[in-house]
Amino acid sequence: MNCSFILLFMVLSVVLFMLYYMDFSHQSSCTYGGKLCIFRKITNITPTKMAPKPNTITPFGPTEPASVCSFHSASPENATEVNLLKESIAWPETPSVRPDFSLNDTSDPAHSTFTILPRRGGGSWHIGDQLEVLIRVSDYRGRPRKSGGDLLYARLQNRAVFAGVAGKVLDHRNGSYTAVFSLLWEGKAQVEVSLVHPSEAITVLAKVTQEYPDRAYFLSVFRSGSVTETVTCNVCLKGPKEKLCNYTDLHTGEPWFCYKPKKLTCDNRITHSKGGFSFKPESNENQLFQRGVNMKVSIPSSGPSSIDILPKLKDGTSDIVKTKPAGYYYQGAWRALDGTTVRQFNNASARTQCLKGKVVHLYGDSTVRQFFEFLTGNTPDLKKFDLKSPGKAGPYMALDYKNNILLTYRCHGTPILYTPMPAIETRHIATELRTVAGGPDTVIVISVWAHFTSFPIEVYIRRLLNIKRAVVQLLTRAPDTLVIIRTSNPKGSVLSEIRTSSDWYALQCYKVLREIFKGVNVQLLDAWEMCLAHHLPHSLHPQPAIIKNMIDVVLSHTCPLGGKSKGATKQ
């Protein structure tokens, strides 16, 4: 009896073992964080209809680290939003540029003109009116252009009272444009119109991005003991998986890859740095980018180029301004038109009093690092704490113990064109914001754009959507946190940099950022208009007078008249 029982037990054990083995063979395994994980294959299950997903910001998934990776990739959840954003910045159609094109057939600022149109309803100009200027573009033979697509800047100035406002340029797509200005001060107002790029140059800039999305490249040093290797890195690299190191951020899905070192492992990455730019421009296309000829060159007027502005009419019959600018300069000070009263913090004691008890975090590129440098350079009690950070990369910290002020700066994650910095410091802003508690004494300033101009716009959109998602989460848990988003700004014109950092690229970043943060409870610092309206030359890093005005805007949001008052971004 006992023998029969034992025999039966052994038979059942064998059967169970075989069934278990058959089931296990349908499972697959992987490793995640050094741990074994098993995914069981389930078959013959009828799918059920899933509930619709909530309308939330979803981070992009990791890009496939092989030749199928793309600079244009978007997650299925964000694909519709990305397409809408791209449509919102669509540029008018521009002429094709043949290899044998003639410069004489392109837009010439010297043969183009602008004309101040009469006031609607007649009579004199008054504060509150809207000024319209007709711009007609012609080629080098004096023939009117028949298509649009030129990049034009328009500005209204009065140097005597240090006043200025940017105009909005409307493209009629037939060679003519209308610049619209708000009349905001009394006295003289001089119209200035300039051709930034002819439409053919825009064709070339768009083509360069399409053909060389990876023209900016980066380097990383790998080291172990006495063995050192340097490899190329980028948002996307061509090659099979086994030839690449995948550093895609697990939280945001932001892709980053390096070619795998020959002798070392992916864990031996030590530094990140700018590599340079690699592409082959057509030499004959250089004539489309000539300073003093067709790049940021003034267009003359066909008649009077200035007007006299009288005080606002008491009966309220002035035109209702249809295109309202972000603000304007008067007496050299920026006056916002979004309801913010911009105060003047003209000395260290005023800045210290505003920042007392505050924690200010600056995130982004060197255009927000300027804020750190301005505040520490002009506020003596705010002492920089030496974190042994390399060069301009940071991170930086400054403290005012007496007034309980903490100021920090941290650069954004890759891609970033900085001198060698520890790879571990290339952390994404969205990830950093997860560690911020926030609150009424916390100020966040973000500026991300300058290192994205050489990439397809999808790369920039993905970054901003991740940052937006993190900002929304921060404001959900700490609604009193002040978040300020700084836009891009027009830059200088250097031929060697035009195909990687033209104003046209920066303008796309500007438009996309405004769209993405529309309706979010953040304050927009419109650096684009603040630079365009000022008489100083354009520069990647605006001059101190403009930075001082930007700091005044930041501090005015931090310490508003009548107490704290935050609102969603006004467009």
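Data block above holds the structure.
Residues numbered from 1 in each chain as written. Predicted model: local features only at pLDDT ≥ 70, side-chain atom pairs only at ≥ 80, totals over all residues. Heavy atoms only, no water.

Points about a nonpolar patch on the surface
On the surface, Phe385, Leu387 and Tyr401 cluster together into a nonpolar patch covering about 340 Å² of accessible area. Mapped onto the elements of the fold, Tyr401 is located in the loop between β22 (396-400) and β23 (405-411). On the basis of relative accessibility, which here comes to 66%, the residue Tyr401 falls in the exposed class. (Patch = residues over 30% accessible without salt bridge, like charges linked within 9 Å, V, L, I, M, F, W, Y side chains within 5 Å. Areas by Shrake-Rupley, 256 points an atom, 1.4 Å probe, with all protein chains shown as cover. Salt bridge = Lys/Arg side-chain N within 4 Å of Asp/Glu carboxyl O. Helix = DSSP H or I, 4+ residues; strand = E, 2+ residues; numbered from the N terminus. Buried < 20%, exposed > 50% of the residue type's maximum accessible area, 1.4 Å probe, protein only.)

Describing the environment of Val512
Note on placement: Val512 falls in helix α9 (residues 503-516). For the pair Val512 and Leu85, spaced 427 residues apart in sequence, the C-alpha separation works out to 6.5 Å. Those residues in contact with Val512 that sit more than four places away from it in its chain are Leu85, Ile89, Ile457, Tyr460, Ile461 and Leu464. (Contact = heavy atoms within 4.5 Å.)

Let's talk about the pairing of strand β11 (residues 216-224)
Inspection of the sheet shows β11 paired to strand β15 (residues 269-277) by seven bridges, in the antiparallel sense. Paired with Ser220 across the strands is His272, a residue of β15. The pairing of β11 with strand β12 (residues 227-234) spans seven bridges and is antiparallel. Within β12, the residue paired with Val221 across the bridge is Thr230. Between β11 and β12, which follow one another and run antiparallel, lie two residues, and Gly225 among them has a positive phi close to 65 degrees. (Pairing = 2+ DSSP bridges.)

Quick word on empty space enclosed by the protein
Enumeration according to the criterion identifies four cavities of 30 Å³ or more in this entry. One number sums up the size of the largest cavity: a volume of about 70 Å³. As for the largest cavity, its lining consists of Leu355, Val360, Leu362, Phe371, Leu375, Val443, Ile551, Val554, Leu555 and Thr558. For the lining of the largest cavity, the secondary structure elements donating two or more residues are β20 (359-364), α5 (366-378) and α11 (544-558). Looking at the lining of the largest cavity element by element, the count peaks at four residues for α11. Within the lining of the largest cavity, the residues separate by chemical class into nine nonpolar, one polar and no charged. (1 Å grid on protein atoms, 1.4 Å probe; cavity = no way out; pocket = protein on both sides within 12 Å on 5 of 7 lines; lining within 4 Å. Points joined across faces, edges and corners; volume = space filled by probe spheres on them. Nonpolar A, V, L, I, M, F, W, Y, C, P; charged D, E, K, R; others polar.)

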